[in-house]
Amino acid sequence: MNNILIVESENDKYFIEAFLEYLKLSVNIDAPICAINDYECLGGIDALKSKLNQLTGRIKKDNIKKVGIIIDADDKGIDERIQFINTHLKEICSDVNVTQMNKIEHSHEQDVDFVCCITHVAGYGELETLLKIIKSEDSPYADCLDAWRKCLIASGKEDISDKEFDKFWVSNYLKFDTCISSKHRGKKSKYCANELINHSNDCDEIKNTLNTNSETITKKDIWNFEHEALTDLKNFLLLLS
């Protein structure tokens, strides 16, 4: 028996893989809807329709019995996102009706179970919103962005969106508040981004360090995987595993 998890981005894939490893669960995560980074994803979650259409040809071939779908609430909220998923599901399985998160719905047409989860904090937001909540290390570099944001407004500059700000916060947390590469574990003072800038003469090393890779998110010790904000996601993964 196989199961498939559909996610939006590579960041989602890497983080969920780390969480699955922490939970000691096994779920097959399909190629993300957005094959490139979040900022450049042209199709956004509208690409879900195409992904589901592709999946229909694999359900019987690959003996898929459970399909999980996880997308961000963003500013739409949980209910609207569930309806969005349900609308697209009905195009490939007219007999399925997803009404809530973490509830398995069976399609007799395709002989497959569907279950969805919406990434959120208090009903809205996305992965980066969640990551801000569950960070486990001190974050002075990232937290000081609040003052920077207030400075923008005071200077008459256009404020950035919460979505952009959360991504910027997580990027700074990864680049400056925590080490960049697991191979440098135990050498934090030398390899954290701010120290690297001050002491390295290797321009390529600095460039590679500051170019945050999605895989950085898999560093399990910088996230609190026991945080209550992960309850919905944990229950969802348990249903799929």
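Above: the structure in question.
Caption draft 1: A look at the pairing of strand E1 (residues 2-6). With respect to burial, E1 is a largely interior element, four of its five residues being buried. As paired elements, E1 and strand E3 (residues 64-72) share five bridges and run parallel to each other. Each residue of the ladder has a partner; that of Leu5, found in E3, is Gly68. Where E1 and strand E2 (residues 28-29) come together, two bridges link them in parallel fashion. Along E2, the bridge assignment pairs Ile4 with Asn28. Traced from E1 through helix H1 (residues 10-23) to E2, the parallel crossover comes out right-handed.

Caption draft 2: Inspection of the state of the cysteines at higher detail. Inspection of every chain in the model, using the stated rule, returns zero disulfides. Considering cysteine sulfurs only, Cys116 is the nearest to Cys117, which forms no disulfide, with 7.4 Å between them. Relative accessible area serves as the criterion here: at 2%, Cys117 is assigned to the buried category.

Caption draft 3: Structural view of the environment of Leu52. Topologically, Leu52 is positioned in helix H2 (residues 48-56). When the C-alpha positions of Leu52 and Ile92 are compared, they lie 7.4 Å apart, and in sequence the two are 40 residues distant. Discounting residues that sit within four places of it in the chain, Leu52 has contacts with Ile6, Ile69, His88, Leu89 and Ile92.

Caption draft 4: Representation of the pattern of salt bridges within the structure. Applying the stated criterion across every chain, the model contains 15 salt bridges. The closest approach of N and O atoms between Arg58 and Asp62, which form a salt bridge, is 3.4 Å. We classify Asp62 as partly exposed; its relative accessible area is 28%. Linking Arg149 and Asp162 is a salt bridge whose minimum nitrogen-to-oxygen distance equals 2.8 Å. Remark: Asp162 occurs in helix H7 (residues 162-177) and Arg149 occurs in helix H6 (residues 145-154); sequence separation between them is 13 residues.

Caption draft 5: Representation of the packing of H6 against H7. Taken N-terminus to C-terminus, the directions of H6 and H7 make an angle of 140°; their axes are 11 Å apart at the nearest point. In this structure, the crossing between H6 and H7 has a hand that is right-handed. Residues Leu145, Asp146, Trp148 and Arg149 of H6 form the contact with H7, whose participating residues are Asp162, Phe165, Phe168, Trp169 and Asn172.

Caption draft 6: Highlighting the sheet that holds E2. With respect to topology, five strands assemble into an open sheet ordered E2-E1-E3-E5-E4, the strand pairing being mixed. Here the strands that pair on one side only, and so sit at the sheet edges, are E2 and strand E4 (105-107). Examined bridge by bridge, E4 and strand E5 (residues 112-119) share three bridges and lie antiparallel to one another. Residue pairing for E5: His106 is matched across the bridge by Asp113. Where H2 meets the sheet, its contacts fall on E1 and E3, and the angle it forms with E1 comes to roughly 165°. Helix-sheet contacts for helix H3 (residues 78-92) involve E3 and E5, and the interaxial angle to E5 is about 155°.

What counts and what doesn't
- Residues numbered from 1 in each chain as written.
- Predicted model: local features only at pLDDT ≥ 70, side-chain atom pairs only at ≥ 80, totals over all residues.
- Heavy atoms only, no water.
- Buried < 20%, exposed > 50% of the residue type's maximum accessible area, 1.4 Å probe, protein only.
- Helix = DSSP H or I, 4+ residues; strand = E, 2+ residues; numbered from the N terminus.
- Pairing = 2+ DSSP bridges.
- Right-handed = clockwise from strand over helix to strand, strands pointing away.
- Disulfide = S-S within 2.5 Å.
- Contact = heavy atoms within 4.5 Å.
- Salt bridge = Lys/Arg side-chain N within 4 Å of Asp/Glu carboxyl O.
- Axes fitted to C-alpha atoms, helices over the stretch in contact; angles between N-to-C directions.
- Left-handed = near helix turned anticlockwise from the far one by under 90°.

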